[in-house]
Amino acid sequence: MPANKKYLTKSPFQRFLKITAGFIGGYCVMISFHQLFGYVFEPKLVVMTAAITGYILWAVLLLFAFLAEKAWKIWLLYIVLTLLFSLPILLKL
Amino acid sequence: MNNRKYNIYFHTHTISGIFICAILFVIFFAGSYSFFKKEISAWQSNSSYVSHEKQVIRYDRLLDSLNQQYNLTGRDISLFFQEKTFDTYVDMSASKDSTLVPKKKPEAKKEKGRGRRREGDGQYFKYNFIKRDSKTYEQSYDMGEFLYRLHFLAQLNQVPIRLGFAFGYMIAGLVAFLFLFALITGLMLHWDKIVSNFFVFRPWSKAKTVWTDAHTALGVIGFPYQFIYAVTGIVLIFNTVLITPFTYIFYDGKSEKIFQDLDYSDAREYTYGYSRLTQKIDVQSYVDRTRKMWGDPFIQRLIVKNYGDTSMHVIVEGTANKKDNFSGTGRVIYRVQDDKIIYQKSPIDNVTYIDRVKSIIYRLHFGDYGGYALKIVYFILGLMGCVVIISGILVWLVGREKDSIPAHKRKFNFWLANIFMAACMSMFPVTALTFIAVKVNSAVDQAFIYHFYFYGWLLFSAYYIFRRNLKRTNQETVLLGSIFSLLIPVANGIYSGNWIWKTYAAGASDIMIFDLFSLSLALVGFYSFYKMKQKDKKDLPAVAIA
């Protein structure tokens, strides 16, 4: 009954990369995504809403990292997304 | 769904589940009891709120007697009330009037409990408006408070691991987050079969399908409830994870600003005037005025700033009567010198988006918006969560009892499941037994409850770990828990004279409810035990685990 090993990540390093990507990378994507709304809505409303949507998004992103074929790809994707979402901050808009 | 995805959902669900199961069980079990926190407190202290409901709370009386005892001039006094009790936490600061403060610096006393430290001769205690007595936090500690705090692992905060935040809360937050993750993976895993298997429950077939069916059927039915608890739970216990980055992004790292914006705190300063107020101080009248303005709200907090000084202010905070409004919170600030309202946010009219989201989080988590019917449904759903966790552990174990799995791994699996089961299931008898103990013993405080509960838990767990028989662990704990639960109303009758018919006659329904609740729990427990025994007889020779 346990999950079929054929489909699981075998290398411990790959697994470690996926877990960190989902946990840390997913967190950064979640925060940077939510702060974008601060440009449209009042920041306090965004923070309050994020209390609900943020954690759900983070958990989904964590799962999404496990679904990735290659660990480095998901790390790259999350880094790119974080950078993209925080462009306004980086460009000091 | 393709095979790869299915297996990934499966594996991540299994790993996150087995990782958190034991702690999550504790959270669910203690949390379910916590729905009845006030009833438990009333039950333990023999002081019913309901039978005194009409009694008017005399704030002035408390303040006058405090004034005589401590001289309130220049102090801040904060009274924090809990709904459906006559208890209030009184927090009194040292006086800001430097002419009154003794020159010799009193030795800073280190106070334990809730990490609050008061400077000078400040005081913190719990006052009961009916009995008119005050107790320290440790003295007034009861089973309601204990189980409530156990459900977010507050007791673990005393573990000396310093990471910058409370250790127990961090663990509770992490477990809640992984719980959310396990819920999502579990739903995805079961997605294709949700409709077709919704009613599939084969309790009397072989052991494995019993646990699998119980796990998926109850898991799917309870999903919305558990999802709400996972999300609101993280927010309530460990929102720092989210607040911290936003403090830097939106508020330049100034945390007091974000807390003010989110209505968690009020940073207004009241500069001490060093001149005595001439008129008579009548705090009661401000509370009465507020009551009238807001249509019988629940007054949650009453703060007096700079008592007796010209800069004296009275702040009243409350929530709207739940019949009127689901989500209102209000605050009004009175300046005593000229009797003026300098700030008001009514809980009835101007309900903000922040209020609404916060109320949704609180109300849904505390289950306090619909009377006892709702609490009972919530409790049953909570215990269903416990069953999902236990059956999850057993699915995990039984699914790995195949010849293809090497012996040492199977040994380890059993070892782990055995410990988890013993620790989790022991909670039922230990909790019930502690309820009896606090009745038998007349002087109960925090230390007593800690010792009795935690050592009792350790003993029971150790015994069942040593027994290495999951079936016995299951059956015996259910039986013992039921016997002890049955004795809870009896103990209340013998040691406090509160037999169920007496509390019924006196209209002390909050005390009675807890007795009836224990009684029903015992009956359900006995019935399950009987069913388990019956099943044993039917399929002899017994399966290793049933």
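Rules behind the numbers
Residues numbered from 1 in each chain as written. Chains lettered and ligands numbered in written order. Predicted model: local features only at pLDDT ≥ 70, side-chain atom pairs only at ≥ 80, totals over all residues. Helix = DSSP H or I, 4+ residues; strand = E, 2+ residues; numbered from the N terminus. Rg over C-alpha atoms; globule rule 2.2 N^0.38 Å. Buried ≥ 20, exposed ≤ 12 C-beta atoms within 10 Å, placed from the backbone. Contact = placed C-beta atoms within 7 Å. Nonpolar A, V, L, I, M, F, W, Y, C, P; charged D, E, K, R; others polar. Pairing = 2+ DSSP bridges. Axes fitted to C-alpha atoms, helices over the stretch in contact; angles between N-to-C directions. Domains from an automatic or database assignment. Core = buried A, V, L, I, M, F, W, Y, C linked by C-beta atoms within 7 Å.

So, on to the overall build of chain B. Scanning chain B from N- to C-terminus turns up 17 helices and eight strands. By the compact-globule yardstick of 24 Å for 546 residues, chain B fits well, its C-alpha radius of gyration being 26 Å. Seen along its three principal axes, the alpha-carbon backbone of chain B occupies a region of about 85 × 60 × 50 Å. Counting all 546 residues of chain B, 40% fall into the buried class. Contacts spanning at least 24 positions in sequence make up 70% of the contacts within chain B whose residues lie at least 6 apart.

The subject of this paragraph is the overall build of chain A. In terms of helices and strands, chain A carries four helices and zero strands. Starting at the N terminus and walking to the C terminus, you meet the elements of chain A as α-α-α-α. Whereas a compact globule of 93 residues would reach a radius of gyration of roughly 12 Å, chain A reaches 16 Å, over 25% beyond that. Overall, chain A is about 50 × 30 × 15 Å in size when its C-alpha atoms are taken along their principal axes. Burial statistics for chain A: of 93 residues in total, 35% are counted as buried. Of the contacts made within chain A by residues no fewer than 6 positions apart, 83% connect residues no fewer than 24 positions apart.

This brings us to unusual backbone geometry. Residues and elements named next belong to chain B. In the Ramachandran plot, leucine 153 falls in the positive-phi region, its phi being about 60° despite a non-glycine side chain. By the element assignment, leucine 153 lies in the loop between helix 5 (143–150) and helix 6 (167–190). For leucine 153, a count of 23 C-beta atoms within 10 Å puts it in the buried group. In this model, tyrosine 274 sits at a positive phi of 55°, which is unusual for a non-glycine residue. Counting through the fold element by element, tyrosine 274 comes out in the loop between helix 9 (255–261) and helix 10 (283–294). The partly exposed category is assigned to tyrosine 274, around which 13 C-beta atoms lie within 10 Å.

Residue and element names in this part refer to chain B. Counting buried residues along helix 2 (residues 37–45), nine of its nine residues qualify, which places the element largely inside the surrounding structure. Those residues of helix 2 not exposed but buried are Lys37, Lys38, Glu39, Ile40, Ser41, Ala42, Trp43, Gln44 and Ser45. Phi turns positive one or two residues past the end of helix 2, at asparagine 46, with a value near 55°.

Counting from both sides, the interface comprises 27 residues of chain A and, opposite them, 32 residues of chain B. Of all the secondary structure elements, the ones that give two or more residues to the side of chain A that touches chain B are helix 1 (12–36) and helix 2 (43–67) of chain A. Top contributing element to the side of chain A that touches chain B by residue count: helix 2 of chain A, with 18 residues. Along the lines of polarity and charge, the residues of the side of chain A that touches chain B split into 21 nonpolar, five polar and one charged.

Strand pairing in a sheet takes place through backbone hydrogen bonds and is either antiparallel or parallel in direction. Residue and element names in this part refer to chain B. Pairing in this open sheet of eight strands is antiparallel, and the strands run 4-3-2-1-5-6-7-8 from one edge to the other. Sheet topology places strand 4 (133–135) and strand 8 (340–345) at the edges, where each strand pairs with a single neighbour. The mean angle between the axes of side-by-side strands here comes to 20°, regardless of whether they run parallel or antiparallel. Sheet topology note: the strand 2 (residues 87–92)/strand 3 (residues 123–128) ladder contains six bridges and is antiparallel. Counterpart to aspartate 87 in the pairing with strand 3 is asparagine 128.

Looking now at the domain arrangement of chain B. Residue and element names in this part refer to chain B. The assigned domain composition of chain B is domain 1 (3–47 + 162–237 + 363–538) and domain 2 (56–129 + 264–351). Spacing between the C-alpha centres of domain 1 and domain 2 amounts to 40 Å. With five residues of domain 1 in contact, the opposing surface of domain 2 contributes five residues. By residue class, the composition of the side of domain 1 that touches domain 2 is one nonpolar, two polar and two charged.

Counting residues in each nonpolar core, the largest one holds 132 residues, and the members touching the most others are Leu24(B), Val175(B), Phe179(B), Leu180(B), Ile234(B) and Ile393(B). One finds Leu63(B), Val314(B), Ile315(B) and Val332(B) within the second-largest nonpolar core, a separate group that totals 22 residues.

Next up on the list: the pairing of strand 2 of chain B. Residue and element names in this part refer to chain B. Pairing of strand 1 (residues 77–81) with strand 2, which is carried by five bridges, proceeds in the antiparallel orientation. Across the sheet, residue leucine 79 finds its bridge partner in strand 2, namely valine 90. Counted along the chain from strand 1 to the antiparallel partner strand 2, the turn is five residues long, and its residue lysine 84 has a positive phi close to 60°.

The subject of this paragraph is the environment of Lys358(B). You can see Lys358(B) is positioned in helix 11 (residues 353–366). Put simply, Lys358(B) and Lys254(B) are 104 residues apart on the chain and 21 Å apart in space, counted from C-alpha to C-alpha.

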